[in-house]
Amino acid sequence: KQEVTQIPAALSVPEGENLVLNCSFTDSAIYNLQWFRQDPGKGLTSLLLIQSSQREQTSGRLNASLDKSSGRSTLYIAASQPGDSATYLCAVRHSGNTPLVFGKGTRLSVIA
Amino acid sequence: SQTIHQWPATLVQPVGSPLSLECTVEGTSNPNLYWYRQAAGRGLQLLFYSVGIGQISSEVPQNLSASRPQDRQFILSSKKLLLSDSGFYLCAWSFSLSGANVLTFGAGSRLTVL
């Protein structure tokens, strides 16, 4: 059974810092991996999706990498801003038609 | 473009009362549909998913049921709510089969059972 772990559970950084959020998964036979952002009391917003054949994806200040063989992904946030404060969730899909399995998320606070 | 609607946004119900949460998707056909629950301090738990009308897969045994009466409508129900049913319920959709399979979520429904 696929298990997804995110470390750290919470992170507080000063504004302007670059930071890395970690995600690991136990079964490396994944179809794709998706990073989400969730603001308190809100739904999830998709940030980046990496297909199993890809190594990384970039969107603005965000860069997600995937090392399938080691069962790891990282989300890199450059020049963090207070507006980046949210919970970031990682999720993996085993095949094209199976549901995503989520980690518990990393709660990020960026202090002005 | 596709949009997903979920309602009600907030619900306070007594123990033993029924529940109905509704989710609809616009702008696409034959989506995969999902219900997740997010309890306080816990991760997202998949409850049900559906790949077509009348096709429901249940991930965990529970007090809840799901139905898909139309292609773009997904309903989460309970006949008698328990205290443990409290949580944040999220509906989501994705394209079926191959493709990017990006999962898109609704705004969520917060259920408090008293």
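Refer to the structure presented above.
Residues numbered from 1 in each chain as written. Chains lettered and ligands numbered in written order. Predicted model: local features only at pLDDT ≥ 70, side-chain atom pairs only at ≥ 80, totals over all residues. Heavy atoms only, no water.

### Focus on the sheet that holds strand 3 (residues 19-25) of chain A
All names here are of chain A. Reading across the sheet, the five strands line up as 1-3-8-7-6 and stay open at both edges, with antiparallel pairing between neighbours. Each edge of the open sheet carries a strand with a single partner, namely strand 1 (4-7) and strand 6 (56-59). Each strand axis lies, on average, 15 degrees off the axis of its neighbour in the sheet, ignoring direction. Two strands pair when backbone bridges link them, and strand 1 and strand 3 are joined in this way by four bridges, in the antiparallel orientation. When the bridges of strand 3 are listed, Gln6 appears paired with Cys23. (Pairing = 2+ DSSP bridges. Helix = DSSP H or I, 4+ residues; strand = E, 2+ residues; numbered from the N terminus. Axes fitted to C-alpha atoms, helices over the stretch in contact; angles between N-to-C directions.)

### Description of the sheet that holds strand 1 (residues 3-7) of chain B
The pairing of strands in a sheet happens through backbone hydrogen bonds and is either parallel or antiparallel. All names here are of chain B. The strand order across the open sheet formed by four strands is 1-3-8-7, and the pairing between neighbours is antiparallel. Two strands close off the open sheet at either side, each with one partner strand: strand 1 and strand 7 (65-70). Averaged over neighbouring strand pairs, the angle between their axes works out to 20 degrees when direction is ignored. Strand direction decides the pairing type here: strand 1 and strand 3 (residues 19-26), joined by five bridges, are antiparallel. Bridge pairing in strand 3 places His5 opposite Thr24.

### Overview of the pairing of strand 11 (residues 106-111) of chain A
All names here are of chain A. A one-sided burial pattern is seen for strand 11, the buried positions being Thr106, Leu108 and Val110 and the unburied ones Arg107, Ser109 and Ile111. Direction of pairing for strand 2 (residues 10-14) relative to strand 11: parallel, over a ladder of five bridges. Residue pairing for strand 11: Ser12 is matched across the bridge by Ser109. (Buried < 20%, exposed > 50% of the residue type's maximum accessible area, 1.4 Å probe, protein only.)

### Quick notes on the packing of aromatic side chains
Residues and elements named next belong to chain A. The tally for this structure, following the rule as stated, stands at nine aromatic pairs over all chains. Relative to Phe102, the ring of Phe36 lies with its centre 5.4 Å away and its plane at 40 degrees, an arrangement referred to as tilted. One end of the pair, Phe36, is in strand 4 (residues 32-38); the other, Phe102, is in strand 10 (residues 100-102), with 66 residues separating them in the sequence. Of the two residues, Phe36 and Phe102, both sit in the buried class. (Phe/Tyr/Trp six-rings, centres within 6.5 Å; stacked < 30°, edge-to-face > 60°.)

### Brief notes about the nonpolar core
As a rule of thumb, nonpolar side chains are buried together in soluble globular proteins. Among the nonpolar cores identified, the biggest contains 22 residues, and A:Phe25, A:Leu33, A:Trp35, A:Leu75, A:Ile77, A:Tyr88 and A:Leu108 are the most heavily contacted of them. Looking at this core, the elements that each hand over two or more residues are strand 3, strand 4, strand 5 (44-51), strand 7 (62-67), strand 8 (72-77), strand 9 (86-93) and strand 11 of chain A. Apart from the residues lying within four places of it in its own chain, the contact partners of A:Ile77 are A:Glu17, A:Asn18, A:Leu19, A:Arg61, A:Leu62, A:Asp84, A:Tyr88 and A:Leu108. The next biggest cluster of nonpolar side chains, apart from the first, holds 20 residues, and it includes B:Leu21, B:Leu33, B:Ala66 and B:Tyr89. (Core = buried A, V, L, I, M, F, W, Y, C linked by side-chain atoms within 4.5 Å. Contact = heavy atoms within 4.5 Å.)

### Regarding the interface of chain A and chain B
Facing 22 residues of chain A, the contacting portion of chain B comprises 24 residues. Summing both partners gives a buried area of about 1600 Å² for chain A against chain B, and 53% of it is carried by carbon and sulfur. The interface formed by chain A and chain B contains zero salt bridges. Our count for the chain A to chain B interface comes out at five residue pairs in polar contact (both at pLDDT 80 or more). Contributing elements (two or more residues each) for the side of chain A that touches chain B: strand 4, strand 5, strand 9 and strand 10 of chain A. (Buried area = accessible area lost by both parts, 1.4 Å probe. Salt bridge = Lys/Arg side-chain N within 4 Å of Asp/Glu carboxyl O. Polar contact = N/O pair within 3.5 Å; in protein donor to acceptor, adjacent residues only side chain to side chain.)

### Quick notes on the side chain of A:Asn63
Residue and element names in this part refer to chain A. Examined against the element boundaries, Asn63 turns out to sit in strand 7. A polar contact is formed between the side chain of Asn63 and the side chain of Glu56, at a distance of 3.1 Å. When neighbours within four sequence positions are excluded, Asn63 is seen to be in contact with Leu48, Glu56, Gln57, Thr58, Thr74, Leu75 and Tyr76.

### As for the environment of A:Tyr76
Mapped onto the elements of the fold, A:Tyr76 is located in strand 8. In terms of polar contacts, A:Tyr76 uses its side chain to reach the side chain of A:Asn18, at 3.4 Å.

### Focus on the state of the cysteines
Using the criterion set out here, one finds two disulfides over all chains in the structure. The partner cysteine of A:Cys23 in its disulfide is A:Cys90, sulfur to sulfur 1.9 Å. Measuring the twist about the S-S bond at about -55 degrees, one finds the A:Cys23-A:Cys90 disulfide to be left-handed. Here the residue A:Cys23 occupies a position in strand 3, and A:Cys90 occupies one in strand 9, the gap between them amounting to 67 residues. When sorted by exposure, A:Cys23 lands in the same class as A:Cys90, which is buried. A sulfur-sulfur separation of 2.0 Å characterises the disulfide bridge that pairs B:Cys23 with B:Cys91. Because the sign of the S-S torsion sets the handedness, a value of about -75 degrees for the bond joining B:Cys23 and B:Cys91 places this disulfide among the left-handed ones. Of the two residues, B:Cys23 is situated in strand 3 and B:Cys91 in strand 9 (residues 87-94); the sequence distance between them amounts to 68 residues. The buried category is assigned to B:Cys23, whose relative accessible area is 1%. Since its relative accessible area comes to 0%, B:Cys91 is described here as buried. (Disulfide = S-S within 2.5 Å.)

Nothing here speaks to function; it is geometry throughout.
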